[in-house]
Amino acid sequence: QVQLVESGGGLVQAGDSLRLSCTASGRTFSSLNMGWFRQAPGKEREFVSAISGRSGSTYTADSVKGRFTISRDNSQNLVYLQMDNLKPEDTAVYYCAAGWIRSERARSYEYWGQGTQVTVSS
């Protein structure tokens, strides 16, 4: 089983930056595709960004492209989401996810963290 733990969320003002981190257990981290999703009150879980395993290829949702950057450090079993120029619309619980394919679909990910709250004030 893969266990994921997110950190780095908080309350910030519009225009600020945050870096979310997700640490993963397991020897096969480099083989896993990692994704970030978010869920705001009253809304469905939304894809944010994903990064493939060893290749490190990325895909980011249009809503955050140019502001958010996903990266990973396979040597430390870490995945990051650098969030710049945050907007109130980014307010949500952010979840780290792991799966065997790189996907925009939440259902494609088998393992999930507990989530970390990001609140952006206007």
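Scoring rules and cut-offs
Residues numbered from 1 in each chain as written. Predicted model: local features only at pLDDT ≥ 70, side-chain atom pairs only at ≥ 80, totals over all residues. Heavy atoms only, no water. Salt bridge = Lys/Arg side-chain N within 4 Å of Asp/Glu carboxyl O. Helix = DSSP H or I, 4+ residues; strand = E, 2+ residues; numbered from the N terminus. Buried < 20%, exposed > 50% of the residue type's maximum accessible area, 1.4 Å probe, protein only. Disulfide = S-S within 2.5 Å. Polar contact = N/O pair within 3.5 Å; in protein donor to acceptor, adjacent residues only side chain to side chain. Contact = heavy atoms within 4.5 Å. Pairing = 2+ DSSP bridges.

Student: How should the pattern of salt bridges be read in this particular structure?
Tutor: For side chains of opposite charge, pairing can occur when their charged atoms come near one another. Tallying each qualifying case throughout the model produces 3 salt bridges. The salt bridge partner of Arg 67 is Asp 90, with a shortest N-O separation of 2.7 Å. Separated by 23 residues along the polypeptide, Arg 67 in the loop between strand E6 (58-60) and strand E7 (68-73) and Asp 90 in the loop between strand E8 (78-83) and strand E9 (92-99) bring together distant segments of the chain. Residue Arg 67 is classed as buried on the basis of its relative accessible area of 12%. Under the relative-accessibility criterion, Asp 90 is labelled buried at 1%. One network of salt bridges, in which partners are shared, links Arg 38, Glu 46, Arg 67 and Asp 90.

Student: Would you take a moment to explain the state of the cysteines for this structure?
Tutor: Simply put, the disulfide is a covalent bond whose two ends are the sulfur atoms of two cysteines. Within the structure shown, the criterion is met by 1 disulfide. Disulfide pairing places Cys 22 opposite Cys 96 at an S-S distance of 2.1 Å. Across the disulfide from Cys 22 to Cys 96, rotation about the S-S bond amounts to roughly -80 degrees, and the bridge is consequently left-handed. Pair noted here: Cys 22 is in strand E3 (residues 18-24) and Cys 96 is in strand E9, with a separation of 74 residues, a long-range link. Under the relative-accessibility criterion, Cys 22 is labelled buried at 0%. What makes Cys 96 buried here is its relative accessible area of 0%.

Student: What exactly am I supposed to notice about the side chain of Ser 49 here?
Tutor: Structurally, the position occupied by Ser 49 is in strand E5 (residues 46-51). By relative accessible area, which is 0% here, Ser 49 ends up buried. Polar contacts involving the side chain of Ser 49 include one to the side chain of Thr 60, which spans 3.0 Å. If we ignore the near neighbours within four places in the chain, the residues touching Ser 49 are Met 34, Gly 35, Trp 36, Tyr 59, Thr 60, Ile 70 and Leu 81.

Student: Quick question: what am I supposed to make of the pairing of E9 here?
Tutor: Within a regular strand, the side chains alternate between the two sheet faces. The element E9 is extensively covered by neighbouring structure, given that 7 of its 8 residues are classed as buried. Relative to E9, strand E4 (residues 33-39) runs antiparallel, the two being bridged by 7 bridges. The residue of E9 that forms the bridge with Gln 39 is Val 93. Bridging between E9 and strand E11 (residues 116-121) involves 3 bridges; their strand directions are antiparallel. By the bridge assignment for E11, Val 93 is matched with Gln 117. Both E9 and strand E10 (residues 111-112) contribute to a ladder of 2 bridges, which runs antiparallel. Looking at the pairing, Ala 97 lines up with Trp 112 of E10.

The analysis is restricted to geometry; functional conclusions fall outside its scope.
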